[in-house]
Amino acid sequence: RNRDAIAAVLARELPTSGLVLELASGSGEHIVHFAQRFPALTWQPSDPDPAARASVAAWSGDAGCANLCPPLDIDAAADWPVQRADALLCIKMTHISPWASTLGLLSGAARLLGKGAPLIIYGPFLKSDIETAPSNIAFDRTLRDRDPAFGLRAVEDVDTAAQERGLVRTALHPMP
């Protein structure tokens, strides 16, 4: 449902060529869509879950995109078997993983990305100067009931952790 809205932001934020590493690729539906939409970029999916990597491989095989690499086993909170990327994309991971995963995402981005290369994070967030919708508050409660380490993250907390790693937020795009 959200792939075209995300792609519109990616069109503004991504480089025109290079390698885009996606962390937590999930089923693979998003990355296949993006590989088709941005054929000048090489797309590297990853996920720590073997079932997710199998799904990504199946979606990739069906799509037949030459610019889509086989999925890697990467846990955002651990060491990554990647040395560099021209962009880093992470969709809907920060709220359904422990805070350590978000910190790992930020540390990995600081290590892999060159000056000006984008780290793009998509998902629901809390922001101190914006009233949170009751549905997002309920969603956060459901996540924390399932696992106390999960839950919506505050943009300000992510910004602080990013700054501690030498990263700076340059944009915040409202999304449907």
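For the structure itself, consult the block above.
In this report, we go over the structure that sits alongside the text. These numbers come from a predicted model, not from an experiment. Each chain has its residues counted from 1, running along the sequence as written. Whole-chain, interface and lining totals are the exception, using all residues; otherwise, since this is a predicted model, local features are given only for residues with pLDDT of at least 70 and side-chain atom pairs are given and counted only at 80 or more. The basis for every side-chain value is the complete set of heavy atoms in the structure, and neither hydrogens nor water enter the calculation.

Our focus in this paragraph is the sheet that holds strand β2 (residues 41-44). Any two strands with at least two DSSP bridges between them are considered paired. Strands are runs of DSSP state E lasting at least 2 residues, helices are runs of H or I lasting at least 4, and numbering of each runs from the N terminus. Strands sit in the order β2-β1-β3-β4 across an open sheet of four strands; the sheet is parallel. Edge positions in the sheet fall to β2 and β4 (119-122), since each has one partner strand and no second. If you compare each strand with its neighbour and ignore which way they point, the axes differ by 20° on average. In the packing of helix α1 (residues 3-13) onto the sheet, contacts are made with β2, β3 (87-91) and β4, and the angle to β4 comes to roughly 165°. When checking whether two residues touch, look at their non-hydrogen atoms; a contact exists if any pair is within 4.5 Å. The angle between two axes is taken between their N-to-C directions and runs from 0 to 180 degrees, where each axis is a line fitted to C-alpha atoms and a helix contributes only its stretch in contact. Lying over the sheet, helix α2 (residues 29-37) contacts β1 (18-23), β2 and β3, oriented at roughly 170° with respect to β2.

Next up on the list: the packing of aromatic side chains. Stacked, tilted and edge-to-face pairs are distinguished by plane angle, under 30 degrees for stacked and over 60 for edge-to-face with tilted covering the rest, among Phe, Tyr and Trp rings (Trp via its six-membered ring) whose centres lie within 6.5 Å. Throughout the structure, instances matching the rule amount to two aromatic pairs. Their ring planes at 35° and their centres at 5.9 Å tell us that Phe-34 and Trp-43 sit as a pair that is tilted. Like Trp-43, Phe-34 is buried. Arranged with centres 6.3 Å apart and planes meeting at 40°, the rings of Phe-38 and Trp-43 form a pair that is tilted. Three exposure classes are used, based on accessible area relative to the maximum for each residue type with a 1.4 Å probe and protein chains only: buried under 20%, partly exposed in between, and exposed over 50%. Looking at Phe-38, the relative accessible area reads 14%, which means it is buried. In this structure Trp-43 comes out as buried when scored by relative accessible area, which is 0%. Ring pairs connect the aromatic residues Phe-34, Phe-38 and Trp-43, which therefore count as one cluster.

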